[in-house]
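What follows is each chain in one-letter form.
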Amino acid sequence: QGSLQACCSLRELDVFSRAREVKVDPDKPLEGARLAALQARKTLLVPTPRLRTGLFNRIVPPAGATKEILRRCATSQGVREYSVPLGLDGKAKVDLVVVGSVAVSEKGWRIGKGEGYADMEYAMMVSMGAVQEDTPVVTIVHDCQVLDIAEELLDDHDLTVDYILTPTRTIQTNCKRPKPQGIMWHKVSSEMLGKIPILKTLRSREKQAGKDVTLQDEHPALANTPRAAASNEKVMAARAAPASAPVGHPHVGRDPVNPRSEGSDTITTVFVGNLPGNLRVSELKSALREFQVIPVRLNWQGAQHRAFLDYRDQGTAERAVSSLQGLSLGGNALRVELAKSQRSKGH
């Protein structure tokens, strides 16, 4: 019932009224959103489940379709019966994207199921020219799924949202964080590539176009490392974030000498030094995910070639030191150690 109420709010958005072609995820809770698009006589794009058999199914409401037919078209079975496939060469101009979320913040930062399909679908639409930088993205969730999310848990490939619809609220996020600008191949594993045939086709095309399509597990710095269970860690971190710390902020500018000034007696901080000058914070975050040592806070001081990672207990911090010691990023072997009083002595 709650999802239907939230989906009904979709009709009230100006961006929905103006849209002619709408992409909606195939999940059951978004059936109401698919129905709203069809009832408004819009063209509907629905991703094929897990992208196994292609990219999208396109549904144009049949002429003279009754309410019952439109309701059937909005179901997973109806999508199969009434749609035509749309591949990478298909002509599409998506005016509105509707996705599901596990959690989302009022800033527009989104956490999905952790499998990356929504991010992948959006990146593919970028490659097709089907979406633009200003194409609005809507997520429909329950009120309890709107949470504070720490920015350091996000990565460059994560899709942000512009509108959040719940059974009781409509939130315009005014999110300024850039959306993905295509497939980030260094985030794609060989396992995922093997599961998605259309992804292989896209990779082949981009390789021919001269793009770097090196996969995640082909990068020497990250080879043979365990892949993080990203979704669970992200959601747990979002829910466990201390109320005294504004988790939606990047934490740059807080006191790097005394992390306990934030009000926690249990925080253990890890110093990461010798960072290359051109290294991006997202690259360090990616490595932290790969080694499954995601901190509760990250204090990035790239100009000083260093960063500080806050962990909730000493055991996790020591595991981070052991895992990251000697890791090479951007050609530099990182210096990693527990950060104590030496941080105030010029490190």
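Just so we're clear, the structure is a prediction, and the values are computed from it rather than from any experiment. (Residues numbered from 1 in each chain as written. Predicted model: local features only at pLDDT ≥ 70, side-chain atom pairs only at ≥ 80, totals over all residues. Heavy atoms only, no water.)

(A) Here's a closer look at the nonpolar core. Counting residues in hydrophobic clusters, the biggest one holds 39 residues, and the most contacted among them are M124, I183, W185 and L199. Those elements that place two or more of their residues in this core are strand 5 (96-99), helix 6 (117-128), helix 7 (190-195) and helix 8 (197-208). When near neighbours in sequence (up to four residues on either side) are disregarded, L199 contacts M120, M124, I183, W185, V188, M192 and L193. Among the nonpolar cores identified, the runner-up in size contains 29 residues, and V24, L38, V46 and A74 belong to it. (Core = buried A, V, L, I, M, F, W, Y, C linked by side-chain atoms within 4.5 Å. Buried < 20%, exposed > 50% of the residue type's maximum accessible area, 1.4 Å probe, protein only. Helix = DSSP H or I, 4+ residues; strand = E, 2+ residues; numbered from the N terminus. Contact = heavy atoms within 4.5 Å.)

(B) View of the side chain of T173. Mapped onto the elements of the fold, T173 is located in the loop between strand 10 (170-172) and helix 7. Sequence-distant contacts of T173, defined by excluding residues within four places in its chain, comprise S105, E106, K107, G108, V161, D162, Y163 and I164.

(C) Inspection of the packing of aromatic side chains at higher detail. In this structure the tally under the stated criterion is one aromatic pair. For K42, the ring lying beneath its charged end belongs to F16, and the centroid distance is 4.9 Å. Between the NZ or CZ atom of K107 and the centre of the ring of W109, over which it lies, the distance is 5.9 Å. (Phe/Tyr/Trp six-rings, centres within 6.5 Å; stacked < 30°, edge-to-face > 60°. Lys NZ or Arg CZ within 6 Å of the ring centre and 35° of its normal.)

(D) Examining the pattern of salt bridges more closely. For the structure shown, the criterion picks out 15 salt bridges. Between E81 and R72 there is a salt bridge, with the nearest N and O atoms lying 2.7 Å from each other. Here E81 falls in the partly exposed class, since its relative accessible area comes to 42%. The exposure class of R72 is partly exposed, given its relative accessible area of 36%. (Salt bridge = Lys/Arg side-chain N within 4 Å of Asp/Glu carboxyl O.)

(E) Just the confidence of the model for the protein, in detail. Looking at the protein as a whole, the pLDDT averages 80, with 83% of positions reaching at least 70. Averaged over each element, pLDDT in the protein is lowest for helix 9 (residues 230-240) (49) and highest for strand 9 (residues 163-165) (97). When the criterion is pLDDT under 50, residues 239-264 qualifies, and its contacts beyond four places in sequence or with other chains add up to 51 contacts. (pLDDT = per-residue confidence, 0-100.)

(F) Expanded view of unusual backbone geometry. Non-glycine residue R41 carries a positive phi angle of around 60 degrees. Secondary-structure assignment places R41 in the loop between helix 3 (31-39) and strand 2 (43-47). With a phi angle near 55 degrees, Q292 is a residue other than glycine that sits in the positive phi range. Here Q292 is to be found in the loop between helix 10 (281-290) and strand 12 (297-301). Take Q292: its relative accessible area is 28%, and that puts it in the partly exposed class.

(G) Spotlight on the environment of T316. Within the fold, T316 resides in helix 11 (residues 314-324). Taking the C-alpha atoms as reference points, T316 and T268, 48 residues apart in sequence, are found 8.6 Å from one another.

(H) Broad picture of the side chain of R34. Locating R34 in the fold gives a position in helix 3. A distance of 2.8 Å separates a polar side-chain atom of R34 from the backbone oxygen of D25. A polar contact of 3.0 Å, which involves the side chain of R34, links it to the backbone oxygen of D27. Residues contacting R34, with those up to four places away along its chain left out, are V24, D25, P26, D27, L44, V46 and A74. (Polar contact = N/O pair within 3.5 Å; in protein donor to acceptor, adjacent residues only side chain to side chain.)

(I) Quick look at helix 11. All of the buried residues along helix 11 are A317, A320, V321 and L324. Projected down its long axis, helix 11 carries its buried residues within an arc of 100 degrees, all on one side. The secondary structure elements touched by the buried residues of helix 11 are strand 11 (268-273), helix 10, strand 13 (306-311) and strand 16 (335-338). You can read the cap of helix 11 off the contacts: a side-chain oxygen lies 3.1 Å from the backbone nitrogen of G315, and it is on D313. A positive phi of about 85 degrees marks G326, the residue just after helix 11. (Arc of directions from axis to C-beta.)

(J) The arrangement of the pairing of strand 5 in detail. Side chains L96 and V98 of strand 5 all project onto a buried face; the interleaved residues V97 and V99 project onto the opposite face, where all are buried too. Pairing of strand 1 (residues 21-24) with strand 5 involves three bridges; the strand directions are parallel. Note that in strand 5 the partner of V24 across the bridge is V98. Two strands pair when backbone bridges link them, and strand 5 and strand 8 (residues 137-140) are joined in this way by three bridges, in the parallel orientation. (Pairing = 2+ DSSP bridges.)

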